[in-house]
Amino acid sequence: PLGVGAGSIAMLSVLAESELQRIVRENSRALKNYNIEAPSLLKSVALARRAGYASTRVQGVDGVIAIGVPIRDPDGVPIAAASMAALAKRMTRGRQLELKDILAGEASSLTERLRGTIE
């Protein structure tokens, strides 16, 4: 469900607050299967909003961090995400910022390629 993983947190981070709250509320039961509670998810989304990308530890895989950025349609609606994961020791804050810029550039390119193909 939306809210599990860096990519979906990135998608949630660009939604309007009312839409975010609705999705979190509707997914709350499913999120509990991943040991995710609404307050911690909302905190992760707030951090992603401030940083411009989501960063999270990968559930079920010790020592791995993932980052993600939203991919938007030409109207700005999030339709997918680009994410990557690496060992935490390699995913320093500086490296996350470098990789975020690469992912964001690719996400922007995809949005541009969609122009004229979505009606």
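Coordinates for the structure precede this section.
Reference entry: report on the structure contained in this document. (Residues numbered from 1 in each chain as written. Predicted model: local features only at pLDDT ≥ 70, side-chain atom pairs only at ≥ 80, totals over all residues. Heavy atoms only, no water.)

1. Digging into the overall build of the chain
Assigned secondary structure in the chain consists of four helices and three strands. From first element to last, N terminus to C terminus, the chain shows the α and β order α-α-α-β-β-β-α. Projected onto its principal axes, the C-alpha positions of the chain cover 40 × 35 × 20 Å. Of all intrachain contacts in the chain linking residues separated by at least 6 positions in sequence, the fraction that spans at least 24 positions is 55%. Per element, the accessible surface of the chain, about 7,200 Å² overall, is 51% carbon and sulfur. (Helix = DSSP H or I, 4+ residues; strand = E, 2+ residues; numbered from the N terminus. Contact = heavy atoms within 4.5 Å. Areas by Shrake-Rupley, 256 points an atom, 1.4 Å probe, with all protein chains shown as cover.)

2. What to know about the sheet that holds strand 3 (residues 78–87)
Strand order in the open sheet formed by three strands is 1-2-3, with antiparallel pairing between adjacent strands. Edge positions in the sheet fall to strand 1 (54–57) and strand 3, since each has one partner strand and no second. With strand direction ignored, the average angle separating the axes of adjacent strands in the sheet is 25°. Two elements, strand 2 (residues 64–72) and strand 3, share nine bridges in a ladder whose sense is antiparallel. By the bridge assignment for strand 3, Ile-65 is matched with Ala-86. Against the sheet, helix 1 (residues 6–13) engages strand 1, strand 2 and strand 3, with an angle of about 40° to strand 2. Helix-sheet contacts for helix 4 (residues 93–114) involve strand 1, strand 2 and strand 3, and the interaxial angle to strand 2 is about 25°. (Pairing = 2+ DSSP bridges. Axes fitted to C-alpha atoms, helices over the stretch in contact; angles between N-to-C directions.)

3. Some details on the nonpolar core
One finds Ile-9, Leu-12, Leu-20, Leu-41, Val-45 and Ala-54 to be the most contacted residues of the largest nonpolar core, which totals 15 residues. Of all the secondary structure elements, the ones that give two or more residues to this core are helix 1, helix 2 (17–32) and helix 3 (38–51). What Leu-20 contacts, discounting residues up to four positions off in sequence, is Leu-12, Leu-15, Leu-42, Val-45 and Arg-49. The next biggest cluster of nonpolar side chains, apart from the first, holds ten residues, and it includes Ile-65, Ile-67, Val-69 and Leu-103. (Core = buried A, V, L, I, M, F, W, Y, C linked by side-chain atoms within 4.5 Å. Buried < 20%, exposed > 50% of the residue type's maximum accessible area, 1.4 Å probe, protein only.)

4. A few points about the side chain of Gln-96
Relative to the helices and strands, Gln-96 is located in helix 4. Excluding anything up to four places from it in sequence, Gln-96 contacts Tyr-53, Ser-55, Ile-65, Ile-67 and Met-91.

Nothing here speaks to function; it is all geometry.
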